[in-house]
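Structural description and commentary
Spelled out, the chains give:
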Amino acid sequence: MTKNSKVLLVYPNERSMSTIPPAIALLSQLLKNNGHQTDIFDTTFYEFDDDISIEDGDKGSEYSLQVRPIADVDDDNLHFEKSKIDPAVDLRKKIIEFKPDLLAVSCSETTFMRGLRLISKTKDLGVKNIFGGVFPTFAPHLVMNFDDVDMACVGEGENALVDLANLLAENKDYSNVTNLWVRKKDGTIKKNSITKPVDINKLPTVTDIGIFGEKRFYRPMGGKIRRLLPVETHRGCPYTCSFCNSPSQNRLYDQTGEKFFRKKNMKLIKDEIESHIKMWKVEYIYFWADTFLAWSPKEFDEFCEMYKDIKLPFWCQTR
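This text gives an overview of the structure that appears in the document. What you are looking at is a predicted structure, and each value in this text was computed from that prediction instead of being measured.

The geometry of helix 4 (residues 87–98) relative to helix 5 (residues 112–122) is characterised by a closest axis approach of 9 Å and an angle of 55° between their N-to-C directions. Considered as vectors, helix 4 and helix 5 are oriented oblique to each other. Classified by chirality, the crossing of helix 5 by helix 4 is right-handed. Every residue of helix 5 that contacts helix 4 at P87, A88, L91, R92 and I95 is listed here: L118, K121 and T122. For the contact of helix 4 with helix 5, the residue count by class is five nonpolar, one polar and two charged.

What follows covers the packing of aromatic side chains. One pass over the structure, following the stated rule, counts 21 aromatic pairs. On the numbers, 4.4 Å between centres and 25° between planes, the contact of Y286 with W315 is stacked. Here Y286 is found in strand 12 (residues 284–288), whereas its partner W315 is found in strand 13 (residues 314–315), with 29 residues between them in sequence. Through a chain of ring-to-ring contacts, three or more aromatic side chains come together here, namely F287, F292, W295, F300, F303, Y307 and F314. Positioned above the aromatic ring of F45 is the side chain of K215, whose terminal nitrogen or guanidinium carbon lies 4.2 Å from the ring centre. One Lys or Arg, R319, reaches over the ring of Y239 and ends 3.9 Å from the middle of that ring.

Soluble globular proteins: nonpolar side chains tend toward being buried together. With 49 residues, the main nonpolar core has I130, L180, I273, F287 and Y307 as its most contacted residues. Setting aside residues up to four positions removed in sequence, F287 forms contacts with V231, T233, I269, I273, F292, F303, Y307, F314, W315 and C316. Grouped together as the second largest cluster of nonpolar side chains are 30 residues, Y46, F98, F112 and F260 included.

By the criterion of burial, strand 1 (residues 6–11) is predominantly enclosed, with five of the six residues buried. Pairing of strand 1 with strand 2 (residues 37–42), which is carried by six bridges, proceeds in the parallel orientation. Residue pairing in the sheet places V10 in a bridge with F41 of strand 2. Of the pairings in the sheet, the one linking strand 1 to strand 3 (residues 102–106) comprises four bridges and is parallel in character. Bridge pairing in strand 3 links L8 to L103.

We now examine the sheet that holds strand 12. Backbone-to-backbone hydrogen bonds join strands into a sheet, with any given pair of strands oriented parallel or antiparallel. Pairing is mixed in the open sheet, where four strands are placed in the order 8-9-12-13. Since the sheet does not close on itself, it has two edges, and those belong to strand 8 (218–221) and strand 13, each with one partner. In the sheet, strand 9 (residues 224–232) pairs with strand 12 via five bridges, with the strands oriented parallel. In the sheet register, L229 faces strand 12, and the bridge partner there is I285. Running over the sheet, helix 10 (residues 266–280) touches strand 9 and strand 12 and is turned about 140° from strand 9.

With that out of the way, let us pick up the pattern of salt bridges. Evaluation of the coordinates by the stated rule reveals 21 salt bridges. Among the salt bridges present, the one from R235 reaches E158, with a minimum N-O distance of 2.7 Å. Linking R235 in strand 10 (residues 234–235) with E158 in helix 8 (residues 158–169), this pair joins segments that are 77 residues apart in sequence. Look at R235 and you get buried, because its relative accessible area is 11%. Note on E158: relative accessible area 7%, which makes it buried. Ionic contacts of the salt-bridge type, sharing partners, join the residues E156, E158, E232, R235, R262, K264 and E272 into one network.

Take L164: it is sitting in helix 8. Assessed through its relative accessible area of 0%, L164 is described here as buried. C-alpha of L164 to C-alpha of T178: the two residues are 14 residues apart in sequence and 9.4 Å apart in space. With near-sequence residues (within four places) excluded, L164 lies in contact with L102, I130, M151, Y174, V177 and L180.

Tracing the sequence through the fold places R227 in strand 9. Spatially, the C-alpha atom of R227 lies 8.7 Å from that of W280, the residues being 53 residues apart in sequence. Aside from chain neighbours lying at most four places away, what touches R227 is E214, F217, Y218, W280, K281, V282, E283 and Y284. Separated by 2.9 Å, the side chains of R227 and Y218 make a polar contact.

Basis of the calculations
- Residues numbered from 1 in each chain as written.
- Predicted model: local features only at pLDDT ≥ 70, side-chain atom pairs only at ≥ 80, totals over all residues.
- Heavy atoms only, no water.
- Axes fitted to C-alpha atoms, helices over the stretch in contact; angles between N-to-C directions.
- Helix = DSSP H or I, 4+ residues; strand = E, 2+ residues; numbered from the N terminus.
- Parallel < 35°, antiparallel > 145°, perpendicular 65-115°, else oblique.
- Left-handed = near helix turned anticlockwise from the far one by under 90°.
- Contact = heavy atoms within 4.5 Å.
- Nonpolar A, V, L, I, M, F, W, Y, C, P; charged D, E, K, R; others polar.
- Phe/Tyr/Trp six-rings, centres within 6.5 Å; stacked < 30°, edge-to-face > 60°.
- Lys NZ or Arg CZ within 6 Å of the ring centre and 35° of its normal.
- Core = buried A, V, L, I, M, F, W, Y, C linked by side-chain atoms within 4.5 Å.
- Buried < 20%, exposed > 50% of the residue type's maximum accessible area, 1.4 Å probe, protein only.
- Pairing = 2+ DSSP bridges.
- Salt bridge = Lys/Arg side-chain N within 4 Å of Asp/Glu carboxyl O.
- Polar contact = N/O pair within 3.5 Å; in protein donor to acceptor, adjacent residues only side chain to side chain.

Right under this line is the structure:
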């Protein structure tokens, strides 16, 4: 492809505690692999009026080692110093400098309004936007109620975002891209069907983690500041817990005839970990899975055999 699009990935993170989301690093890599340019605007290091203070947010978590022990004199500025500038001001500067064709916002229910405010304050610059993530997937009708939202991605975005960028590069109609709800010029919403889930064993093993900058690698884990990166092992979950969104993912993708729950090949997991160690000198692994132990005994033995030479501490969640 001779033409390319510029996509500015917008991550309205809050509370400074979320690790680098592997989905955004993967999307950036896929876009670059298809000839497009990417950059990121991450609000992790901005101070917001609704931020929880260390005393309020971390004291209770100290006992479970989710944070490092709280000192009398806080040294958060060593790794987590925050800017007091309005992030919308910096986003405007980034848009003017980078000149993107698309703003791609990744959000959950708790970060949607933060992302929307950023988009609304820069809407006059005329850049099209798309909102994706858990909240747009399960409440696209609510997301599209806001006139400043141009598109919502329902379900996985790997194919949809690349297809959208390809069409934008060629200045072609994108209203039929699968997985997208698109606001048309007359204000009506085109609701496209979703496609089958992607094969996670055919996605790039090495993703664009570096787009976030090394400052984002540091996170409190096990009571210490760790140099940490995420590694996806599963996508989705086989269980049906009523408090979780994973069963809804399964039901959403049942219409495609394929299961949403997938497991990554053990060799690919190893390759990604070894890449993190070699490229970024990580000292702690954050296994990104809804339920880490959703392996058969044979598969778990394979993991233990694979991981015995790595010997890094890791975090996971399971049931």
